[in-house]
Amino acid sequence: MSSQYLLNRHHHNLLKHPHFGHTITNDSYGHQLHPLSLHAPVVHVKATIVKVYPDRERRGAMHQHFDVKINELISIKGAAASLVDKNLDTFVAVRYGDNMGLAEPIKGITEGQEIELQGEYIDHNHAYPTEDNRDQSPVIHFTHKPVGFVIYQGKEYR
C-alpha cells in the first residue's frame, strides 16, 4: 500500500495508521511522504519541561527524550484542537546527529524551563510504549525539518 494511497484514502478521517497504529491526520501535507512521518497532525506548542531522560547509547540516530506539560496550543494542522490533551504530560523525542534530524542535541535541556516545539502529535490512544514512555503518554516527534523545530532559551533548532 503506497503512502500516496494512504493520504488520499484517509484525507478527511482521523484514523489509525495500518502499520504503525498512530493517528493519521485528517488533512494531507507533503511532509507525510517523508519516511519519518507517522501521518499524524502537526502541532505547535509552548510547554514546560517536566522530566528529562538520561541519554542512552543507541544505534543509529540519537534522540533526546523529555516530558513536557503543554501550556499553549499555538496551532494544529490536520485535526481538531480537542485531540491535544493538555492535562497529560507529553513525551517528546528529538532526533539528532544525522542528516534527517537536528545536527546537534539541544544544549542544557532542564526541567522547569519553557520550550516551544513543532512536530507531529501522536495522541495517547495511539502512542505505543517505549523504554522512556512506558505510560504511552501522547508524543511529539518529527521536531526537525521538514516539519518541525524547537526553540529553547532563545535558540532555534531545525
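This write-up is about the structure you can find in this document. All values reported here derive from a predicted model rather than from experimental measurement.

**Regarding the side chain of T90**
Within the secondary structure, T90 is located in strand β5 (residues 90-96). Judged by relative accessible area, T90 falls into the buried class, the value being 0%.

**What about the pattern of salt bridges?**
Enumeration over the complete set of coordinates arrives at three salt bridges. Of the charged contacts in the structure, one is a salt bridge between D98 and R95, with a shortest N-O distance of 2.6 Å. The partner of R158 in a salt bridge is E156, with the nearest N and O atoms 2.6 Å apart. Residue R158 is classed as exposed on the basis of its relative accessible area of 52%.

**Regarding the pairing of strand β8 (residues 149-152)**
Looking at chain direction, strand β6 (residues 114-122) and β8 are connected through three bridges and run antiparallel. What sits directly across from L117, in β8, is V150. Joining the antiparallel neighbours β8 and strand β9 (residues 155-157) is a turn of two residues, in which Q153 adopts a positive phi near 50°.

**Let's talk about the environment of R158**
With respect to the helices and strands, R158 occurs in the segment after β9. In contact with R158, other than residues within four places in its own chain, are L102, H144, K145, G148 and F149.

**Quick word on the pairing of strand β4 (residues 62-77)**
Two strands pair when backbone bridges link them, and strand β3 (residues 42-52) and β4 are joined in this way by 10 bridges, in the antiparallel orientation. Bridge pairing in β4 places K46 opposite E72. Where β4 and β5 come together, seven bridges link them in antiparallel fashion. Considered in β5, the bridge of Q64 is made with V94.

Cut-off values and rules
- Residues numbered from 1 in each chain as written.
- Predicted model: local features only at pLDDT ≥ 70, side-chain atom pairs only at ≥ 80, totals over all residues.
- Heavy atoms only, no water.
- Helix = DSSP H or I, 4+ residues; strand = E, 2+ residues; numbered from the N terminus.
- Buried < 20%, exposed > 50% of the residue type's maximum accessible area, 1.4 Å probe, protein only.
- Salt bridge = Lys/Arg side-chain N within 4 Å of Asp/Glu carboxyl O.
- Pairing = 2+ DSSP bridges.
- Contact = heavy atoms within 4.5 Å.

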